[in-house]
Structure formats: C-alpha cells, structure tokens
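An overview of the molecular structure
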Amino acid sequence: METLTIGQTYGRALFEAAADLGKTAEIGAELKAVNLVFEAEPMLKKLLLLPTISATEKKDAAEKVFEGRVSRELLNFMRILIDKSRMGSWERIGRQYEKLASERDGVTHGILYTVAPVDAGRLKSLEEKTSATLGKAVGLENRTDKTIIGGAKIYVDGKLIDVSVKTRLESMKQRIRA
C-alpha cells in the first residue's frame, strides 16, 4: 500500500510543479524518454536502485546519462527520488503523472487486459470504440492476462467491459443449462 501512495504522491507533486511552470507536456515526454532509456539499459535502473551504492554516486550517474537530455526540473526530481530512496517507484510515479495529464485533458484512463499485447493500431481502435460506448474520451493501457483465453476486458472508471472468450463461454454455458 505504501508504494502505491508513493507513486501517487510523487506523481502528483511532479505534475503540479510542471503545471506551475507550464511544462506538463515537456516533462511528460521526458518521463517517457527516460523510461525508454531504462528499458534499453536495465543495468542503469538497477544501479540507481542498489543500496550498496551511495546517493551521491547514483546522482552522478544520473547526471552523466541525463544532463542535457532532460529538463533541469526532471533531473532535480530524479535527484530527490535518489535522496529519498524512491527510484523504485519511478514507473508508478510516471503512470500517476500520465493519469493526471489525461484527466486535465479530459481523457479518462482505462486498462485493457488481453492474452497478448496488442499493437498500437489495434489499441487506438479499441480506445475509439470504448470512447464511443462510454460517451467520453478514453485512453487505454494494455496489460496481459493469460487467464483470458481470448478477447479482452476493459476497466474504465470502475466499470468493466468484458468481451473475453472465457466470459462468452460462461454465458453460453448458463443459457444451455436454462
């Protein structure tokens, strides 16, 4: 529970600071760029999490990699996370930031569960269909769930749209028994 709160608290703080500076789009893009670096170089992320490395050494490493590539504000934010041993919450902080940016832009955030990842075109199509169904703009994050078998489940604003094969089979089973 604490890590969820950390992500929400720091994500909101970063978003509010970015909004005060009029840099929400810039910092949002930089967060995504940093995530791409962490994906391409997982050892860098591990280095920033190792308890045996001092905060000073971690900040030096982050500065060498990101200085001049991200804004001074985001680099300072990373320094704070390193000092507070919060880099382990980086992804949750980024998701919270993105959620707040979407809400500000009038887009509701939802989660699309599928058995395998969907490509960007299919995700866009599902976002459009979900938006039409709910009558508001919806942005979806794709997560995999091997229990689905096929089809999809979409959670938006506490609502479930379940078009999974498993649910359809259960429905058919109930109709046959009736």
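This text gives an overview of the structure that appears in the document. (Residues numbered from 1 in each chain as written. Predicted model: local features only at pLDDT ≥ 70, side-chain atom pairs only at ≥ 80, totals over all residues. Heavy atoms only, no water.)

A look at the packing of helix α4 (residues 55-66) against helix α5 (residues 72-83)
Packing of α4 against α5 leaves a shortest axis separation of 9 Å and a crossing angle of 155°. When the interaxial angle is binned, α4 and α5 end up roughly antiparallel. In this structure, α4 meets α5 at a crossing whose hand is right-handed. Between α4, through A55, K58, K59, A62, E63 and F66, and α5, the contact on the second element is made entirely by L75, M78, R79, I82 and D83. Grouping the amino acids of the contact of α4 with α5 by side-chain chemistry returns six nonpolar, no polar and five charged. (Axes fitted to C-alpha atoms, helices over the stretch in contact; angles between N-to-C directions. Helix = DSSP H or I, 4+ residues; strand = E, 2+ residues; numbered from the N terminus. Parallel < 35°, antiparallel > 145°, perpendicular 65-115°, else oblique. Left-handed = near helix turned anticlockwise from the far one by under 90°. Contact = heavy atoms within 4.5 Å. Nonpolar A, V, L, I, M, F, W, Y, C, P; charged D, E, K, R; others polar.)

Here's the deal with the environment of Q96
Assignment of secondary structure puts Q96 in helix α6 (residues 90-104). The exposure class assigned to Q96 is buried, which follows from its relative accessible area of 10%. On a C-alpha basis, the gap between Q96 and V138 in space is 16 Å, while along the polypeptide they are 42 residues apart. If we ignore the near neighbours within four places in the chain, the residues touching Q96 are G7, Q8, G11 and R12. (Buried < 20%, exposed > 50% of the residue type's maximum accessible area, 1.4 Å probe, protein only.)

Re the pairing of strand β1 (residues 108-114)
Buried residues dominate β1, accounting for six of its seven residues. In terms of strand pairing, β1 meets strand β2 (residues 138-144) through seven bridges, oriented parallel. What sits directly across from L112, in β2, is N142. Crossover connection from β1 via helix α7 (residues 120-134) to parallel β2: handedness right-handed. Pairing of β1 with strand β3 (residues 153-156) involves four bridges; the strand directions are antiparallel. Directly across from L112, in β3, lies its bridge partner I154. (Pairing = 2+ DSSP bridges. Right-handed = clockwise from strand over helix to strand, strands pointing away.)

A word on helix α2 (residues 24-40)
Relative to the 24 Å expected for 17 residues at 1.5 Å per residue, α2 spans 24 Å between its end C-alpha atoms, a close match to the ideal helical length. Inspection of α2 places T24, I27, G28, E30, L31, V34 and F38 among the buried residues, and these make up the whole buried set. Buried residues of α2, viewed axially, fall in a sector of 160°; they line one side. Residues A25, K32, L36, E39 and A40 are exposed on α2 and point more than 90 degrees away from its buried face. (Expected span 1.5 Å × (residues − 1). Arc of directions from axis to C-beta.)

Here's the deal with the side chain of S71
Take S71: it is sitting in the loop between α4 and α5. A distance of 2.8 Å separates polar atoms of two side chains, one belonging to S71 and the other to E30. A distance of 3.2 Å separates a polar side-chain atom of S71 from the backbone nitrogen of L74. (Polar contact = N/O pair within 3.5 Å; in protein donor to acceptor, adjacent residues only side chain to side chain.)

Digging into the side chain of S131
In this fold, S131 is placed in helix α7. Looking at S131, the relative accessible area reads 19%, which means it is buried. Those residues in contact with S131 that sit more than four places away from it in its chain are K136, A137 and V138.

Concerning the sheet that holds β2
With mixed pairing, four strands are arranged side by side in an open sheet as β2-β1-β3-β4. Only two strands of the sheet have a single neighbouring strand rather than two, namely β2 and β4 (159-162). Each strand of the sheet is rotated relative to its neighbour by a mean of 20°, with strand direction disregarded. Relative to β4, β3 runs antiparallel, the two being bridged by four bridges. Bridge pairing in β4 places K153 opposite D162. Sheet contacts for α7: β1, β2, β3 and β4; angle to β2, the most-contacted strand, approximately 125°.

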